[in-house]
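Residues per chain, in single letters:
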Amino acid sequence: MAEKPPSNSFDLKRRQLLKFAGATAAVGGLGLHALPASAEGTARVRDSDDGVLDVAIIGAGMAGLTAARDLHNAGCQSFVVLEARNRVGGRVLNHDLGGGQISEAGGQWIGPGQTAVADLARELQIDTFPTYYQGKTVVLGGEGRLEVDLHGTFGTDERIGAKLSELSKVVPSGAPWTSSRVAELDKLSVGEWLARQGIKPEDRSGWDTSLTLTGGVPPARMGLLHFLSMINSASCDYMKLDSIKDSAQGTRFVGGSQLLCTRMAEALGDKLRLACPVREIADWDREVVRLVTDQGEVRARRVIVAIHPALCNQVRFQPALPEGRAALQRAWPAHSPARKTAMVYKRPFWRDKGLNGHTVEVKGQVLWAWDNSPPNGEIGVINAFIVNAMVPSEPAAAQRVLAQIYARSLGDEALNPIGYHDHDWGQADPWSITCVSAIPPGFWSQHGESLRPACGNLIWSGTETAEIWAGYMDGAVRSGHQGALQALASLRQA
Amino acid sequence: MKKKLLLVTGVVLVVLLALFGRDLLGLYRLQDYLDTTTQAYEAEGPWPQTADACLACHGKQGSSLHQRYPSLAGQPADYLKTQLHTFASGQRMNPNMQPLAMSLTEKQIFELSDYYARQPALDNHGFDPDPALRAQGGKLAAAGACMACHGEHLLGQGPFPRLAGQGADYLLAQLDAFAEGRRTDPSGSMQAISATLSPADRKALAHYLASLATAPK
């Protein structure tokens, strides 16, 4: 890393302190609060003297907050978290339903193998509970209606799933571009591959829906290599990625996923600055990076960029980023801004009828609706991913349309909701742009090598950079740990 | 024998209908819907198709009920092609469209533009215009000579988009972008016209254009 020598002895001394902090982090394992109080105090005074922080973290989503938590646990006190919104959580968000109940508007599930986020939740004393799937799912299409028990799955053809699982073994989750079969697999879309498998017309809609939900785009524009890397994350088992029971949609957090972020933020005190978007990152190739924010300039030796790659395009970089990284950001797909709704009922009435509250529409307005009630079913909540352009944008009109669909699938009780929440991630604010990454064919071959290498003192974090479960909350947590480690290690070496 | 068999089948059917009538009818209708939609889909080619990726925001056959995501149905192919090219080059800014357009081949751009140009433009029933704003917008449209470029009924032609029945929030966002220089057009006319309009005027125009019929009598 190109670093200038320390400018004065003052700096040298605080670097030695940091070295100690870093060493403690590396050796101490869990006992990371080991930085002596006096040293901590010294570090703080020093910072206020020269006004330069050790680390600035951009983004108070799950990745940025995890990084902050790790820095804090390692004894580093000289950092700040800059968040553009006036809330924490990024792409996780709780709708407050009143009466102490919530429904998740953003990322909400964890599943097998997502050990990083599961561990974090345990440390934060947040419990989990299973997604409700017992009973029959309703399939709607035109005037048609079918009740079917899918036993906690989406009813996908498991023969095709098994083929994908097998193929995924040669596509490393963290670096799909290094696959031994990259040339052949990255040329294809999932759709082109599926078309060769002779998918029956009645199954096509299911693949369109599941790829849209999991990958952010229907099979026609989803890169096969990328999709296989996602299956690889799920222990090379398609059913652990795209199902409910024993899968990545199978487990929820009591109190909602955003609770992980609010808990982590509580511990940060004034190190967290809300409503503080970063507009410019200057001198990232020099010893001290300058961040121009809406609340003035922040200077730091390392910057952990824990935001979506597409959001980086809205930041001015001075000097310009290396071409590889700049090209990656420009090309990063951002056309999957999900719209997620919550319809609230007095109770989950559908359960009495043997229904699980799940609705799948064939070529309809609802991609997938599911029972998102709280753990004990105190109230009934139907969450849904909807086809944005097929439902009116006005929430009251959208509520009427959806209530009628639910009446057809669950019964007339559905016509009397007690609440409705509607979150269109593409319109709610400019700070997400999109949800999951609909990586097209050829993307990883062209841009993969530029995903992770630091640029000067900029360390790239955020779920998209995770080695395992990229795009998921678990990936965000992993990338946060990684970002903090990278920052501490490079400060120690300096 | 044949008669007997038919009779038995009939009896079985009646029994089944009595037991599972609603379910059977539902299943039959679902199958019927699948057949009809598959047939309509395959008229454009085999599954899957590039346009599948556009549906979420631009709607079934390019007609969006969402006022902020534009309808592409009935847009002139020339206009659509140019927009995809300018998104890809970064000349027209939109964080969602830019990377998507960059990932398309020339052939895909041609096919998508052709497909949406062929789809029937539908009226914007999802929008409830304010009568006063709509009337004011009508006057502004006449004064601004929108028809000179966008066609007599504002249904678009050549490089000029259809405005009639377009999403109200989308129209307003574009007028604002032109006025503030965030969107440009080759001749500069849209910037020049929009710059003379107050924010209230732009809103009125959006209400008027969004509520215009796409099949004028």
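These numbers come from a predicted model, not from an experiment.

Procedures and definitions
Numbering of residues starts from 1 in each chain and follows the order in which that chain's sequence is written. The lettering of chains begins at A and the numbering of ligands begins at 1, in the order of writing. Residues qualify for local features only when their pLDDT is at least 70, as the model is predicted, and side-chain atom pairs are given and counted only at 80 or more; totals for whole chains, interfaces and linings, by contrast, use all residues. Hydrogen atoms and water are omitted, and side-chain values are computed over all heavy atoms in the structure. Throughout, the edges of the domains are those of an automatic or database domain assignment. Contacts between residues were defined by any pair of non-hydrogen atoms, one from each residue, lying within 4.5 Å. Computed with a 1.4 Å rolling probe, the buried area is the accessible surface lost when two parts are put together, summed over both parts. A carboxyl oxygen of Asp or Glu within 4 Å of a side-chain nitrogen of Lys or Arg is what we treat as a salt bridge. Polar contacts, as used here, are pairs of N or O atoms within 3.5 Å; protein pairs need one atom able to donate a hydrogen and one able to accept it. Residues neighboring in sequence count only if both atoms are side-chain atoms. Here a strand is any run of E in DSSP of at least two residues, a helix any run of H or I of at least four, and the numbering for each starts at the N terminus. When residue character is reported, Ala, Val, Leu, Ile, Met, Phe, Trp, Tyr, Cys and Pro are called nonpolar, Asp, Glu, Lys and Arg charged, and the others, Gly included, polar. Classification of residues uses two cut-offs on accessible area relative to the type maximum, computed with a 1.4 Å probe and protein chains only: under 20% is buried, over 50% is exposed, and between them is partly exposed. Whenever a helix is involved, its axis is fitted only over the stretch in contact; in every case the axis is a line through C-alpha atoms, and angles between N-to-C directions fall within 0 to 180 degrees. Convention used here: angles under 35 degrees read as roughly parallel, angles over 145 as roughly antiparallel, angles from 65 to 115 as roughly perpendicular, and any remaining angle as oblique. Helix crossings get a hand from a simple test, with the near helix turned counterclockwise from the far one by less than a right angle marking a left-handed crossing and a clockwise turn marking a right-handed one. A residue counts as positive if it is Lys or Arg and as negative if it is Asp or Glu; His and the chain ends are not included. Only the six-membered ring of Trp is used, alongside the rings of Phe and Tyr, when aromatic pairs are assigned; centres must lie within 6.5 Å, and planes under 30 degrees apart are stacked while those over 60 apart are edge-to-face, with the rest tilted. Any Lys NZ or Arg CZ found within 6 Å of a ring centre and within 35 degrees of that ring's normal is scored as a charge over the ring.

**Q** How would you sum up the domain arrangement of chain B? Please name residues and give values.
**A** One can read the domain layout of chain B as domain 1 (1-43) and domain 2 (51-217). Look at where the C-alpha atoms of domain 1 of chain B and domain 2 of chain B centre, and you get two points 45 Å apart.

**Q** Residue-level account of the interface of chain B and chain A, with values.
**A** In this assembly, 39 residues from chain B lie in contact with 45 residues from chain A. When chain B packs against chain A, the two sides together hide about 3400 Å² of surface, and 65% of this comes from carbon and sulfur. In this structure, the connection of chain B to chain A is made through one salt bridge. When the shortest N-O distance is used, the salt bridge between Glu42 of chain B and Arg204 of chain A registers 2.7 Å. The tally of links from chain B across to chain A stands at 15 residue pairs in polar contact (both at pLDDT 80 or more). For the side of chain B that touches chain A, the elements supplying multiple residues, two or more each, are α1 (2-42), α2 (55-58) and α4 (97-102) of chain B. The dominant element in the side of chain B that touches chain A, judged by the number of residues it contributes, is α1 of chain B, at 12 residues. Taken together, the residues of the side of chain B that touches chain A sort by class into 18 nonpolar, 14 polar and seven charged.

**Q** Explain unusual backbone geometry residue by residue, including any values.
**A** Pro319 of chain A follows Gln318 of chain A through a cis peptide bond whose omega is -5°. A cis geometry characterises the amide bond from Trp47 of chain B onward to Pro48 of chain B, with omega recorded as -5°. Its place among the elements puts Pro48 of chain B in the loop between α1 and α2. Unusually for a residue other than glycine, Lys363 of chain A sits at a positive phi of about 50°. Using a relative accessible area of 35% as the deciding quantity, one classes Lys363 of chain A as partly exposed. Phi is positive for Trp469 of chain A, which is not a glycine, with a value near 60°. Position of Trp469 of chain A relative to the elements: it lies in the loop between β20 (458-460) and α16 (473-493).

**Q** Any details on the pattern of salt bridges? Residues and values, ideally.
**A** Tallied over the entire structure, the rule returns 29 salt bridges over all chains. A salt bridge links Arg182 of chain B to Glu180 of chain B; the nearest nitrogen and oxygen atoms lie 2.6 Å apart. Residue Arg182 of chain B is classed as partly exposed on the basis of its relative accessible area of 47%. Ionic contacts of the salt-bridge type, sharing partners, join the residues Asp50, Asp54 and Arg301 of chain A into one network.

**Q** Before we move on, can you summarise the packing of helix α3 (residues 77-89) of chain B against helix α5 (residues 106-118) of chain B with the specific residues and values?
**A** Axes are the key here: two packed helices are described by the angle between their axes and the distance separating the axes. Residues and elements named next belong to chain B. At a minimum axis distance of 8 Å, the contact between α3 and α5 shows a crossing angle of 140°. Overall, the two elements α3 and α5 adopt an arrangement that is oblique. For the pair α3 and α5, the crossing hand works out as right-handed. Of the residues in α5, those in contact with Ala77, Leu80, Lys81, Leu84 and His85 of α3 are Glu106, Ile109, Phe110, Ser113, Tyr116 and Ala117. Class assignment of the residues belonging to the contact of α3 with α5 gives a composition of seven nonpolar, two polar and two charged.

**Q** Help me get a handle on the side chain of Glu83 of chain A, residues and values and all.
**A** Residues and elements named next belong to chain A. Residue placement: Glu83 occurs in the loop between β2 (79-82) and β3 (94-98). For the buried Glu83, no salt bridge is present, and the opposite-charge side chain at shortest range is Arg85, 4.4 Å distant. With residues up to four places along the chain from it excluded, the contact list for Glu83 reads Gly59, Ala60, Gly61, Leu272, Arg273, Leu274, Ala275, Cys276 and Pro277.

**Q** Tell me about the packing of aromatic side chains, and please be specific about residues and values.
**A** Think of a pair of aromatic rings as described by two things: how far the centres are apart, and how the planes are tilted against each other in angle. All names here are of chain A. Throughout the structure, instances matching the rule amount to 17 aromatic pairs over all chains. Consider the rings of Trp109 and Trp370, whose centres lie 5.0 Å apart with planes at 50°: the pair is tilted. Separated by 261 residues along the polypeptide, Trp109 in strand β5 (residues 109-110) and Trp370 in strand β17 (residues 366-371) bring together distant segments of the chain. Both residues of the pair, Trp109 and Trp370, count as buried. Ring centres 5.4 Å apart and planes at 35° place the aromatic pair Trp370 and Phe385 in the tilted group. With Trp370 in strand β17 and Phe385 in strand β18 (residues 380-386), this residue pair connects regions lying 15 residues apart in the sequence. Under the relative-accessibility criterion, Trp370 is labelled buried at 0%. Exposure remark for Phe385: the relative accessible area of 17% places this residue in the buried category. What links up through ring pairs into an aromatic cluster is the set Trp109, Phe154, Trp368, Trp370 and Phe385. Above the plane of the ring of Phe79 lies Lys271, whose end atom (NZ or CZ) is 5.6 Å from the centre. Positioned above the aromatic ring of Tyr132, the side-chain terminus of Arg351 is 3.7 Å from the ring centre.

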